[in-house]
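Coordinates in review
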Amino acid sequence: MNPRSATSSPPIVLTFAASDPSGGAGMQADLMTLSALGCHPLSVMTALTVQDTVGVTSVLAVDADCVEDQARTLLGDMPVAAFKTGLLGSIENIAVIAGIVADYPALPLIVDPVLASGRGDELADDEMIAGLRALLLPVATILTPNSLEARRLVHRSGGIDEGDDERQCSLADCAQRLLDLGCRNVLLTGTHADTERVINTLYRQGVGLVRSDAWERLPGSYHGSGCTLASAIAAKLACALAVEDAVAAAQDYTWRALAAGFRPGMGQFIPDRFFASRRRRALLDD
């Protein structure tokens, strides 16, 4: 058998994330989403978690030297088309990852600022949030916070005075302040907003509002929706779509995965990232 040439390989995306043993979020969500969208995922583990579909019990950060060794070894072997970050585990890991992606400035970097679980379990302390602002946001191609994460990221970062209530910052102001920190694009997701439909808004440096998309608000809550959306954007950028087109396609994929979601445990629903292949199989079985 002749070996396949490198040009026949699918786009390769390297994701930095924590393991979620429930398979709902984190590294597992990234791997499934990237695979479902035709990419080959590379995984650099940043932390081990104890969690289920209800919440996170504990987080054990991987040593920063190990994080760097994982990434450098992979990058020395395979050509990567995009980077994606999720829960990073420690300020040391954030610093190491910032140094790694700085060596590949031409590659898109999708930053999903995982600061808390769906239940509200804290996953990033003040030092880590400061590290994200100082080290990763300035080099991010696109940042994908929900409204709670956006307000935490700009609070006391120079955009909001220390005595102000972070909730007083409008989402449009939050987006602009995040752009001022260096992000080239910010996609604010509206899952936590009190609106009839989920409204996601994309802002761009030097432009402002680029697009606004409204989606039917599905019943229930979902474990891993943010990871799915960010990974889908990474997949689409790796496939050479422009940012605006990648965001549109990723939102459509994510909404469909959520709509096909299932509840395997006692907590949140999990998106079905392989909804398309399951439907094709069902049609073949009929």
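Structure: see above.
Residues numbered from 1 in each chain as written. Predicted model: local features only at pLDDT ≥ 70, side-chain atom pairs only at ≥ 80, totals over all residues. Heavy atoms only, no water.

Quick look at the packing of helix H2 (residues 64-75) against helix H3 (residues 91-102) now. Between H2 and H3, whose axes approach to 9 Å, the crossing angle comes to 25°. Classified by the angle between their axes, H2 and H3 sit roughly parallel to one another. In the packing of H2 onto H3, the handedness of the crossing is right-handed. Residues Ala64, Val67, Glu68, Ala71, Arg72 and Leu75 of H2 form the contact with H3, whose participating residues are Glu92, Asn93, Val96, Ile97, Gly99 and Ile100. Residues of the contact of H2 with H3, tallied by class, amount to seven nonpolar, two polar and three charged. (Axes fitted to C-alpha atoms, helices over the stretch in contact; angles between N-to-C directions. Helix = DSSP H or I, 4+ residues; strand = E, 2+ residues; numbered from the N terminus. Parallel < 35°, antiparallel > 145°, perpendicular 65-115°, else oblique. Left-handed = near helix turned anticlockwise from the far one by under 90°. Contact = heavy atoms within 4.5 Å. Nonpolar A, V, L, I, M, F, W, Y, C, P; charged D, E, K, R; others polar.)

Time to look at the packing of H3 against helix H4 (residues 126-136). One way to put it is that H3 packs onto H4 with a least axis distance of 9 Å and a crossing angle of 10°. When the axis of H3 is compared with that of H4, the two are roughly parallel. Each of Ile91, Ile94, Ala95, Ile97, Ala98 and Val101 in H3 lies in contact with H4, whose residues at this interface are Glu127, Met128, Gly131, Leu132, Leu135 and Leu136. Residues belonging to the contact of H3 with H4 are distributed by class as follows: 10 nonpolar, one polar and one charged.

Let us look at the packing of aromatic side chains. As enumerated under the stated definition, the model contains four aromatic pairs in all. Aromatic side chains Phe16 and Phe83 sit 6.3 Å apart centroid to centroid with 35° between the ring planes, which places their arrangement in the tilted category. In this pair, Phe16 sits in strand S1 (residues 12-19) while Phe83 sits in strand S4 (residues 82-85), placing the two residues 67 residues apart along the sequence. Of the two residues, Phe16 and Phe83, neither departs from the other in class, the shared state being buried. (Phe/Tyr/Trp six-rings, centres within 6.5 Å; stacked < 30°, edge-to-face > 60°. Buried < 20%, exposed > 50% of the residue type's maximum accessible area, 1.4 Å probe, protein only.)

This next bit is on the nonpolar core. Across soluble globular proteins, you tend to see nonpolar side chains buried next to one another. Judged by nonpolar contacts, the single largest core of 45 residues is most densely connected at Leu14, Phe16, Phe83 and Leu136. In terms of residue count, the dominant contributor to this core is H3 (seven residues). In contact with Phe16, not counting residues within four places along its chain, are Val44, Thr46, Val67, Ala71, Phe83, Lys84, Thr85, Gly86, Leu88, Ile97, Ile100 and Val101. Counting 24 residues, the second-largest nonpolar core is a separate cluster that includes Cys39, Leu202, Ala230 and Ala238. (Core = buried A, V, L, I, M, F, W, Y, C linked by side-chain atoms within 4.5 Å.)

Summarising burial for S1: eight of the eight residues are buried, a large majority. As defined by bridge partners, S1 adjoins S4 across four bridges and the pair is classed as parallel. Paired with Val13 across the bridge in S4 is Ala82. (Pairing = 2+ DSSP bridges.)

Relative to the helices and strands, Leu137 is located in the loop between H4 and strand S6 (142-143). Residue classification places Leu137 among the buried residues on the basis of a relative accessible area of 1%. Spatially, the C-alpha atoms of Leu137 and Asn185 are 10.0 Å apart, while their sequence positions differ by 48 residues. Discounting residues that sit within four places of it in the chain, Leu137 has contacts with Leu132, Leu143, Leu178, Leu181, Gly182 and Cys183.

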